[in-house]
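Listed here are the chains, written in short residue letters.
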Amino acid sequence: MDDHVLAELADDRALLGRTSAAERVADILRTRITEGGFPPGARLAEEEIGGALGVSRNTLREAFRLLTHERLLVHQLNRGMFVRVLTAEDLEDIYRVRGLAECAVLRVLGAPPYPLDAVEAAVEAGRRAARLRHWRDLGTANMRFHQALVELAGSPRTDEAMRGVLAELRLVFHVVDDPRRLHEPYLSRNEEILRTLQGGEARTAERLLAGYLDDSHRQLAGAYADRLG
């Protein structure tokens, strides 16, 4: 397993004091999947991950069970636990959910001004990653942007569902070989949506987001078709 990822997991030990141990471990691993630390098909070695996080085997296995229920991991008999490899059908369903959740949030926003601090922070993180040419980090910033949009609804249940969807989406990203080509064009579109929301025009932002999701879906579907062709 990648030593850098294991070092990051060791740093995550500080997070292990908030809810149930298995849920905290699942949160950490889900975040690492969302950030691209564990690619599709990667085997999650119990001993290495448990040692990095300082948790028991039983706690880790319960966290694995939670993430399997979320369709992020899969158990292979006599081989262990692996990060799922998503299909083109998974891609279709992910974008169906994204369209329903993200666009609906903007559609029902009340009167401005909106609490956009997290959206602004995600856009700035994207700008910083682009300046440094850290394309994986730009992908992470893009997903934080979409998570922040959903959080405008003030719904913990929607927030939780979106975190799982975005973690699955990161697994889809691996079908595109060039992360810059995948992520860079959407930074300016994030900026445009942010400016529109800052101007209080939520319905215009919704239309921009709908087009954004259609284009992103089409790009990834094309990558799947090329991979399978």
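Residues numbered from 1 in each chain as written. Predicted model: local features only at pLDDT ≥ 70, side-chain atom pairs only at ≥ 80, totals over all residues. Heavy atoms only, no water.

**Q** Describe in detail the overall build of the chain, supporting the description with residues and values.
**A** If you tally the helices and strands in the chain, you get 10 helices and 3 strands. Starting at the N terminus and ending at the C terminus, the chain contains elements arranged as α-α-β-α-α-β-β-α-α-α-α-α-α. For the chain, whose C-alpha radius of gyration is 18 Å, the value lies close to the compact-globule estimate of 17 Å for 229 residues. For the C-alpha atoms alone, the extent of the chain along its principal axes is close to 50 × 45 × 35 Å. (Helix = DSSP H or I, 4+ residues; strand = E, 2+ residues; numbered from the N terminus. Rg over C-alpha atoms; globule rule 2.2 N^0.38 Å.)

**Q** Account for helix H8 (residues 156-173), naming residues and giving values.
**A** The terminal C-alpha atoms of H8, which comprises 18 residues, lie 26 Å apart, in line with the 26 Å expected from a rise of 1.5 Å per residue. Turning to H8, its buried residues are Asp159, Met162, Gly164, Val165, Leu166, Ala167, Glu168, Leu169, Arg170, Leu171, Val172 and Phe173. (Expected span 1.5 Å × (residues − 1). Buried < 20%, exposed > 50% of the residue type's maximum accessible area, 1.4 Å probe, protein only.)

**Q** So what about the packing of helix H6 (residues 117-132) against helix H7 (residues 135-151)? Which residues, and what values?
**A** How two helices sit against one another is set out by the angle between their axes and by the gap between those axes. Between H6 and H7, the shortest axis-to-axis distance is 8 Å and the interhelical angle comes to 170°. Classified by the angle between their axes, H6 and H7 sit roughly antiparallel to one another. Contacts between H6 and H7 involve Ala118, Val119, Ala122, Val123, Ala125, Gly126, Ala129 and Ala130 from the former and Trp135, Asp137, Leu138, Ala141, Arg144, Phe145, Ala148, Leu149 and Glu151 from the latter. Partitioning the contact of H6 with H7 into residue classes produces 13 nonpolar, 1 polar and 3 charged. (Axes fitted to C-alpha atoms, helices over the stretch in contact; angles between N-to-C directions. Parallel < 35°, antiparallel > 145°, perpendicular 65-115°, else oblique. Contact = heavy atoms within 4.5 Å. Nonpolar A, V, L, I, M, F, W, Y, C, P; charged D, E, K, R; others polar.)

**Q** Can you tell me about the layout of surface pockets, naming the residues and giving the values?
**A** Remark: the empty space left among the atoms is shown by a probe the size of a water molecule rolled over them. Here the second largest pocket defines a volume of roughly 230 Å³. Lining the second largest pocket are 14 residues, with Ala129, Arg136, Asp137, Thr140 and Arg144 sitting closest to its centre. Within the residue set of the lining of the second largest pocket, elements represented by two or more residues are helix H1 (3-11), H6 and H7. It is H7 that contributes the most residues to the lining of the second largest pocket, 5 residues altogether. Split into classes, the residues belonging to the lining of the second largest pocket amount to 4 nonpolar, 3 polar and 7 charged. (1 Å grid on protein atoms, 1.4 Å probe; cavity = no way out; pocket = protein on both sides within 12 Å on 5 of 7 lines; lining within 4 Å. Points joined across faces, edges and corners; volume = space filled by probe spheres on them.)

**Q** Outline the packing of helix H5 (residues 88-107) against H8, listing residues and values.
**A** Direction vectors running N to C along H5 and H8 enclose 140°, while the axes themselves pass 10 Å from each other. Here H8 runs oblique to H5, going by the angle between their axes. Where H5 crosses over H8, the two elements pack in a sense that is left-handed. Within the contact between the two elements, H5 uses Leu91, Ile94, Tyr95, Val97, Arg98 and Glu102 and H8 uses Met162, Val165, Leu166, Glu168, Leu169 and Val172. (Left-handed = near helix turned anticlockwise from the far one by under 90°.)

**Q** An account of the side chain of Glu206 is needed here, citing residue identities and associated values.
**A** The residue Glu206 is located in helix H10 (residues 202-228) in this model. Judged by relative accessible area, Glu206 falls into the buried class, the value being 10%. Ignoring sequence-local partners within four residues, the contact set of Glu206 consists of Cys103, Leu106 and Arg107.

**Q** Give me the lowdown on empty space enclosed by the protein, citing residues and values where you can.
**A** By the definition in use, this model includes 1 cavity of 30 Å³ or more. Each pocket or cavity is described by its volume, and for the largest cavity that value is around 130 Å³. If you go around the largest cavity, you meet 14 residues; those closest to its centre are Asn142, Phe173, Tyr186, Tyr212 and Ser216. Elements represented by at least two residues in the lining of the largest cavity include exactly H5, H7, H8, helix H9 (179-198) and H10. Among the elements that line the lining of the largest cavity, the one with the most residues is H7, at 4 residues. Partitioned by chemical class, the residues of the lining of the largest cavity number 8 nonpolar, 5 polar and 1 charged.

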